[in-house]
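Notes for the structure review
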Amino acid sequence: MLKGSYPLERFAQLPTPFYYYDTALLQQTLDTVCAQVADRPTWQVHYAIKANHNPQILRQIAVAGLGADCVSGGEVQAALDAGFVPEGIVFAGVGKADWEMRLGLEAGIGRFNVESTAELQVLSELATSMGKTALVSIRVNPDIGAHTLAGITTGLAENKFGIYHGQVEDVIREALSLPSIRYCGLHFHIGSQILDMADFAALCNRINDLCARLERRRLPVGDLNVGGGLGIEYGHPNHLPLADFKSYFNTFKQLLPPKYPVHFELGRSIVASCGTLISRVLYVKEGLARKFAILDAGMNDLVRPAMYHATHRIENLSSDGPEVPYDVVGPICESSDVFGKGVVLNECHRGDFIAIRSAGAYGESMASNYNCRPFAPSIFSDF
Ligand SMILES: *Cc1c(COP(=O)(O)O)cnc(C)c1O
């Protein structure tokens, strides 16, 4: 089977598991994104830090000129530490604590994406007390169902995020009336791992209806932040390493009027492909009806399969032996600690290197110390 190419001699010196990041592939991804929006000077792409907050990855993305999309005070601090300019930082989240808002106000971040009237009032009080002005977008719940995993759709009326699109006028009026608040635009985000461009087209249609309604009522629109959510092909990292950025940006180019500046918040599609979780086979076990490949990486290192039933492509980098189906599992004391069932791998032996592909997004950033296991370190291709 076609496999990714990895420096196995270098890996042989290292304890496993670890995350391996292909810096050149990340750069190629960033260059592709920047090229797609080069013809739109008022468009800005922000990187959603929660996908991967590894400091070296953040620095590379900051140098490429992207902004940062943060969902906590810790992420705002990580963005500042990595060198993202404050004006390029946007801060979303349904439950921002006072200290997190103060941090953003003190740093002078580019935007607070506000999710409720109550939050708007607290932000106004804090900004007034600090003698600052908060730049605000209203997060709208567009009631659009993204065709993705149920746990990662965010734009339905039943989800906790944003202000229902029918109630936005009142919140804009409130924002315009409050001291130390400058209303700047609208924010949307419908979910994650979206591969059907029709979902983004539906979002554009909803945005256009809403903008027309606001204009009829002589309310300002400002700029548009369409969020993130572009998916990647987890099954084909060798053939399709890059997300379909062209179709994605073209959808917005075709459907949104050019008069509005547009912001994007891409997480997964920027970093997923460049990361691989590398582990070794500890044991091969013959079950009653199946074979288990037991790895030294577990769900604490990469939780997506256990949490969302997500699938990653898995490859045995050390073997050209006959192809055999395995249940690929970790060492954790949970039955859900499974990376894949019936995965066809070249015959496994103790010590073989196993690559779990496309693990750069929501891998290292969601890792835990469960079972008192240490965090897997990160290794970069360029040194
Ligand atoms: C998580 C998140 C994103 C990024 O989503 P991806 O699917 O990783 O692109 C963007 N915006 C907001 C508000 C988010 O919460």
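1. As for the domain arrangement of the protein
- As far as domains go, the protein holds domain 1 (3-18 + 274-380) and domain 2 (23-271).
- Computed from C-alpha atoms alone, the centre-to-centre distance between domain 1 and domain 2 is 33 Å.
- Overall, the association of domain 1 and domain 2 removes approximately 1,800 Å² of surface from exposure, summing both partners, and the carbon and sulfur fraction of that is 54%.
- When residues of domain 1 are sorted by the area they lose upon contact with domain 2, C274, Y362 and F380 head the list and together hold 38% of the total.

2. Structural notes on the packing of helix α4 (residues 73-82) against helix α5 (residues 98-107)
- Two numbers describe how α4 lies on α5: the axes approach to 9 Å, and their chain directions differ by 25°. Classified by the angle their axes make, α4 and α5 are roughly parallel. The two elements α4 and α5 meet at a crossing, and its hand is left-handed. Every residue of α5 that contacts α4 at G73, G74, V76, Q77 and L80 is listed here: W99, E100, L103 and A107.
- Of the residues contributing to the contact of α4 with α5, the split by class is 5 nonpolar, 3 polar and 1 charged.

3. Observations regarding the pattern of salt bridges
- Evaluated as defined, the whole model comprises 14 salt bridges.
- Between D39 and K253 there is a salt bridge, and its shortest N-O distance comes to 3.1 Å. Of this pair, D39 sits in the loop between α2 (23-37) and β2 (44-48) while K253 sits in helix α9 (residues 245-255); the two residues are 214 residues apart in sequence, bridging distant segments of the chain.
- Between E215 and K259 there is a salt bridge, with the nearest N and O atoms lying 3.2 Å from each other. Taken together, the residues E215 in helix α8 (residues 197-216) and K259 in the loop between α9 and β10 (262-266) connect sequence positions 44 residues apart.
- Several salt bridges converge on common partners, so that one network encompasses E169, R213 and R217.

4. Quick word on helix α6 (residues 117-130)
- With 14 residues, α6 extends 20 Å from end C-alpha to end C-alpha; this agrees with the ideal 20 Å at 1.5 Å per step.
- Among all positions of α6, only E119, L120, L123, S124, L126 and A127 are buried.
- For α6, the elements touching its buried residues are α5, β5 (111-114), β6 (134-141), α7 (168-177) and β8 (181-187).

5. Looking at the environment of S279
- Residue position: S279 is located in strand β11 (residues 275-286).
- Separated by 74 residues in sequence, S279 and F353 place their C-alpha atoms 5.7 Å apart.
- In this structure, S279 is in contact with T16, P17, L295, D296, A297, D352, F353 and I354, ignoring residues within four places of it in sequence.

6. Observations concerning the pairing of β2
- With 4 of 5 residues buried, β2 lies mostly within the body of the structure.
- Pairing of β2 with β10, which is carried by 4 bridges, proceeds in the parallel orientation. Bridging from a neighbouring strand, V45 pairs with F264 of β10.
- Bridging between β2 and strand β3 (residues 67-70) involves 3 bridges; their strand directions are parallel. Looking at the pairing, A48 lines up with D69 of β3.
- Crossover β2 to β3 through helix α3 (residues 55-63) is right-handed.

7. Looking at the pairing of β5
- Side-chain alternation along β5 places R111 and N113 on one buried face and F112 and V114 on a second face that is also buried.
- With 2 bridges connecting them, strand β4 (residues 89-91) and β5 associate as parallel partners. Opposite V90, over in β5, you have R111 as the bridge partner.
- A crossover connection joins β4 to the parallel β5 through α5; in handedness this β-α-β unit is right-handed.
- Relative to β6, β5 runs parallel, the two being bridged by 3 bridges. Bridge pairing in β6 links V114 to I138.
- Chirality of the crossover, the property in question, places the unit of β5, α6 and β6 among those that are right-handed.

8. A word on the site of the ligand
- The environment of the ligand is made up of 14 residues, and the closest members are K50, S192, E265, R268 and Y362.
- Contact distances for the ligand include 2.3 Å between an oxygen atom and a side-chain N or O atom of S192.
- In this structure, an oxygen atom belonging to the ligand sits 2.9 Å away from a main-chain N or O atom of G267.
- A total of 390 Å² of accessible area belongs to the ligand in isolation, and the protein chains cover 95% of it.
- Considering only residue class, the shell around the ligand consists of 3 nonpolar, 6 polar and 5 charged.

9. A few points about the packing of aromatic side chains
- Tallied over the full model, the rule gives 16 aromatic pairs.
- For the pair F11 and F18, a centre-to-centre distance of 5.1 Å together with 75° between the ring planes defines the contact as edge-to-face.
- A ring pair is formed by F200 and Y248, whose centres lie 4.9 Å apart and whose planes are at 85°; its orientation type is edge-to-face. Here F200, found in helix α8, pairs with Y248, found in helix α9; they are 48 residues apart in sequence, far enough to count as distant. As far as the burial class goes, F200 and Y248 line up, both buried.
- A connected cluster of aromatic rings, assembled from ring pairs, spans W43, F200, Y248, F249, F252 and F264.
- Positioned above the aromatic ring of F91, the side-chain terminus of K96 is 5.5 Å from the ring centre.

Scoring rules and cut-offs
- Residues numbered from 1 in each chain as written.
- Predicted model: local features only at pLDDT ≥ 70, side-chain atom pairs only at ≥ 80, totals over all residues.
- Heavy atoms only, no water.
- Domains from an automatic or database assignment.
- Buried area = accessible area lost by both parts, 1.4 Å probe.
- Axes fitted to C-alpha atoms, helices over the stretch in contact; angles between N-to-C directions.
- Helix = DSSP H or I, 4+ residues; strand = E, 2+ residues; numbered from the N terminus.
- Parallel < 35°, antiparallel > 145°, perpendicular 65-115°, else oblique.
- Left-handed = near helix turned anticlockwise from the far one by under 90°.
- Contact = heavy atoms within 4.5 Å.
- Nonpolar A, V, L, I, M, F, W, Y, C, P; charged D, E, K, R; others polar.
- Salt bridge = Lys/Arg side-chain N within 4 Å of Asp/Glu carboxyl O.
- Expected span 1.5 Å × (residues − 1).
- Buried < 20%, exposed > 50% of the residue type's maximum accessible area, 1.4 Å probe, protein only.
- Pairing = 2+ DSSP bridges.
- Right-handed = clockwise from strand over helix to strand, strands pointing away.
- Near = heavy atom within 4 Å.
- Polar contact = N/O pair within 3.5 Å; in protein donor to acceptor, adjacent residues only side chain to side chain.
- Areas by Shrake-Rupley, 256 points an atom, 1.4 Å probe, with all protein chains shown as cover.
- Phe/Tyr/Trp six-rings, centres within 6.5 Å; stacked < 30°, edge-to-face > 60°.
- Lys NZ or Arg CZ within 6 Å of the ring centre and 35° of its normal.

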